[in-house]
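Close look at the chain arrangement
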Amino acid sequence: MKVFKKIGVLTSGGDAPGMNAAVRAVVRAALSNGVEVVGIYRGYSGLIDGDIKALDIRDVSNTINKGGTVLYSDRCPELKTPDGLAKAVETCHKFGIDGIVTIGGDGTFRGANALTKAGVPCVGIPGTIDNDITSTDNTIGFDTAMNTTLDLVDKLRDTCESHARCNVVEVMGRGAGDIALNTAIASGSTAVAIPEFDFDEEELFRKIKTSKKLGKRNFIVTVSEGMGSDYAPTLAKKIQAETGVETKFARFAHIVRGGTPTLRDRILATRMGAYAVDRLLQGKSNIVICERHDEIVARDITFALDLDALYKGVVSEGELQGYGADVVEEMKRECRERREKMAALYEIEGRLNL
Ligand code: F6P
């Protein structure tokens, strides 16, 4: 079995609150096993350029509570090129890096997969506010982003109530409506538009008019950015025209990506970071650390990426020929479960938020 003397840790793609807690856990778990750790700055770009520093226990002090990522982040198209990949591998040889824990989203995992195949064992940890990694129930940063969004919507509600207004809010999430759907339920939004389900605008107009007649003064309509960048501002104009309720539009954008991580994100990150190091040192690589029904588990990275692609409709069942029939069934079951969970939340939102 490979003996690990030194491992690297990096954060890549969009930053997410809780990434620092994961980095801290990786550093301390490795050191407690007598393994040295280096921080790779600016994601895969820093790996290619050799932007690397040793990290000791104290280097990660006072970081568990910090948003952003102390290792900085980057999206790095160069790693996708043979030349970029070769440079990244060369850096690992130069610095004596035996394996890497990579924290980020699906792009990060594709990089980890390529590096592992090129001889550098990698383990991925899902860090993204979007919660759009199908293989895990929760990603690091999702809980914080939801809580920050909720806080902002609650504030908008105050002013909507004072002025008898509607506010359409657009929240991040890329193609996934998880942040929008959950915060819509928790904030009492009148409606939520997410890419996973058809949205009935006429029904929304009717709902607003009826509730207004019954004395309701504030209306929040939550829209996921996955509906397209023009969708939410246009909807705000339509609501005003159709219902007569003055309607404002707010785009929260990157605001919800910053800030202090919640307790849940810190704990998830700490559990995942420690588990990632354990598995890597046990000789397991090309895996993603996932949370499934409250348990931390390791799943094959290729499986996780294909599962994701199936869920997002990027590949069809027929394109998963390489897997046995039982594995494809398992993938379909997971996709179905995830869709059903969202559908149940969507139904509750529509029925109870009036
Ligand atoms: O993946 C996180 C995320 O914030 C998405 O919600 C959003 O679509 C995207 O990143 C924005 O990317 P950028 O930071 O490059 O503008």
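Structure shown above.
If you're wondering where the values come from, they're calculated on a predicted model, not measured in any experiment. (Residues numbered from 1 in each chain as written. Predicted model: local features only at pLDDT ≥ 70, side-chain atom pairs only at ≥ 80, totals over all residues. Heavy atoms only, no water.)

1. Regarding the pattern of salt bridges
Scanning the entire structure with this criterion turns up 26 salt bridges. Two residues, D83 and K87, come together in a salt bridge whose shortest N-O distance is 3.8 Å. In this pair, D83 and K87 both sit in helix 3 (residues 82–95), four residues apart, roughly one turn of the helix. Accessibility expressed as a relative area gives 48% for D83, which makes it partly exposed. Here E347 and R351 are joined by a salt bridge, their closest N and O atoms 2.6 Å apart. Here R351 and E347 lie together in helix 11 (residues 325–352), a separation of four residues that amounts to about one turn. What emerges from the salt-bridge pattern is a single network uniting D137, R292, R299, E330, R333, E334 and E337. (Salt bridge = Lys/Arg side-chain N within 4 Å of Asp/Glu carboxyl O. Helix = DSSP H or I, 4+ residues; strand = E, 2+ residues; numbered from the N terminus. Buried < 20%, exposed > 50% of the residue type's maximum accessible area, 1.4 Å probe, protein only.)

2. Focus on helix 9 (residues 263–281)
For helix 9, with 19 residues, the first-to-last C-alpha span of 27 Å sits near the 27 Å given by 1.5 Å per residue. Taken residue by residue, helix 9 has D265, L268, A269, M272, G273, A276, V277, L280 and L281 as its buried positions. At the C-terminal side of helix 9, G283 shows a positive phi close to 90°. (Expected span 1.5 Å × (residues − 1).)

3. A look at the side chain of E349
Residue placement: E349 occurs in helix 11. Despite being buried, E349 has no salt bridge partner; K207 is the closest side chain of opposite charge, sitting 4.9 Å away. In this structure, E349 is in contact with L181, A184, I185, S189, T190, A191 and V192, ignoring residues within four places of it in sequence. (Lys, Arg positive; Asp, Glu negative; His and termini not counted. Contact = heavy atoms within 4.5 Å.)

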